[in-house]
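Below, each chain spelled out in residue letters.
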Amino acid sequence: MKLIQLIYASTATDNWPESELRRILDSAVRRNAQNNVTGLLLYSNASFMQILEGDETDVDEAMSRICADTRHTDIVVLSRSAVHTREFGNWSMGFHAVDDADATSWPGFAPLFQHGFDAQKIGATPGLAFDIMKALATAV
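Residues numbered from 1 in each chain as written. Predicted model: local features only at pLDDT ≥ 70, side-chain atom pairs only at ≥ 80, totals over all residues. Heavy atoms only, no water.

## Section: the pairing of strand β3 (residues 47-55)
Line of reasoning, step 1. Most of β3 is tucked away, with 9 of its 9 residues classed as buried.
Line of reasoning, step 2. Strand direction decides the pairing type here: strand β1 (residues 3-12) and β3, joined by 9 bridges, are antiparallel. When the sheet's bridge partners are listed, Leu3 is paired in β3 with Asp55.
Line of reasoning, step 3. As paired elements, strand β2 (residues 38-43) and β3 share 6 bridges and run antiparallel to each other. Within β3, the residue paired with Leu42 across the bridge is Met49. (Buried < 20%, exposed > 50% of the residue type's maximum accessible area, 1.4 Å probe, protein only. Helix = DSSP H or I, 4+ residues; strand = E, 2+ residues; numbered from the N terminus. Pairing = 2+ DSSP bridges.)

Next up, the structure:
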C-alpha cells in the first residue's frame, strides 16, 4: 500500500450557504470513511482547498469523483506526494469555512485565501499548500 497526500484547489460554481456546504461535507465524510481516506476541506469566498490522504488508489478514486462534480471548476492539483504517516488522520473529512479571524491569525497567508484560494500563487511555492492546510487545521 502506497500512502499519498494530495492537495487541490478549485472554484465553486456558486457562493453556497453553510447548509449546502454541510451537505457536501456529510457526503464526503461517509464516502471517505468507507474508503479510508482522511483530510481537510477549506472553503473561502466560493473556492475550495482540500487535502486528501490515503492509499494511492483510494485517493485517486476520490479525486476522480471530485473532478466529475459539477459544483466546482478550475481544479488545480497543488501537490501530490508519498507520505509515511497521515497528517490529517483525525478526520474522515475535517471542514473549516475561512473567515476574517483566520486572516488576523495568519496574516502571512491571508493574501492567499482572503478573496478565495489563489491556486497559482499557492502552487508556485513548494510546500505552501501544506503549510496553509496545517495552519488552518488549528481552527477546526
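## Things to note about the packing of aromatic side chains
Line of reasoning, step 1. Under the defined criterion, the tally for this structure stands at 5 aromatic pairs.
Line of reasoning, step 2. Taken together, a centroid distance of 6.2 Å and an interplanar angle of 80 degrees make the contact between Phe88 and Phe130 edge-to-face. Linking Phe88 in the loop between β4 (72-82) and β5 (94-97) with Phe130 in helix α6 (residues 128-137), this pair joins segments that are 42 residues apart in sequence.
Line of reasoning, step 3. Residue Phe88 is classed as buried on the basis of its relative accessible area of 2%.
Line of reasoning, step 4. Residue Phe130 is classed as partly exposed on the basis of its relative accessible area of 23%.
Line of reasoning, step 5. Through pairs of rings, three or more aromatic residues link up here, namely Trp16, Tyr43 and Phe48.
Line of reasoning, step 6. Looking at Lys134, its charged tip hangs above the ring of Phe88, at a distance of 5.6 Å from the centre. (Phe/Tyr/Trp six-rings, centres within 6.5 Å; stacked < 30°, edge-to-face > 60°. Lys NZ or Arg CZ within 6 Å of the ring centre and 35° of its normal.)

## Remarks on the pattern of salt bridges
Oppositely charged side chains can pair when the atoms bearing their charge come close.
Line of reasoning, step 1. Summed over the entire model, instances satisfying the criterion amount to 7 salt bridges.
Line of reasoning, step 2. A salt bridge links Arg22 to Glu18; its shortest N-O distance comes to 3.6 Å. On the criterion of helical spacing, the pair formed by Arg22 and Glu18 is a turn pair, its members being 4 residues apart in helix α1 (residues 18-35).
Line of reasoning, step 3. A residue is classified by how much of its surface remains accessible, and Arg22, at 36% relative accessible area, is partly exposed.
Line of reasoning, step 4. With relative accessibility at 52%, the residue Glu18 sits in the exposed group.
Line of reasoning, step 5. Of the charged contacts, one joins Arg80 and Asp60 as a salt bridge, the two residues approaching to 2.6 Å between their closest N and O atoms. (Salt bridge = Lys/Arg side-chain N within 4 Å of Asp/Glu carboxyl O.)

## Regarding the nonpolar core
Line of reasoning, step 1. In terms of nonpolar packing, the biggest core is built from 24 residues, with Leu42, Met49, Leu78, Phe113, Ile122, Ile132 and Met133 touching the most fellow members.
Line of reasoning, step 2. Taken together, the elements giving at least two residues each to this core come down to β1, β2, β3, α4 (110-113), α5 (119-123) and α6.
Line of reasoning, step 3. For this core, the element with the most residues is α6, which contributes 7 residues.
Line of reasoning, step 4. Setting aside chain neighbours within four positions, we find Met133 in contact with Ile7, Leu40, Leu42, Met49, Gln50, Ile51 and Phe88.
Line of reasoning, step 5. Leu6, Leu41, Ala46 and Met63 belong to the second-largest nonpolar core, a separate cluster that totals 20 residues. (Core = buried A, V, L, I, M, F, W, Y, C linked by side-chain atoms within 4.5 Å. Contact = heavy atoms within 4.5 Å.)

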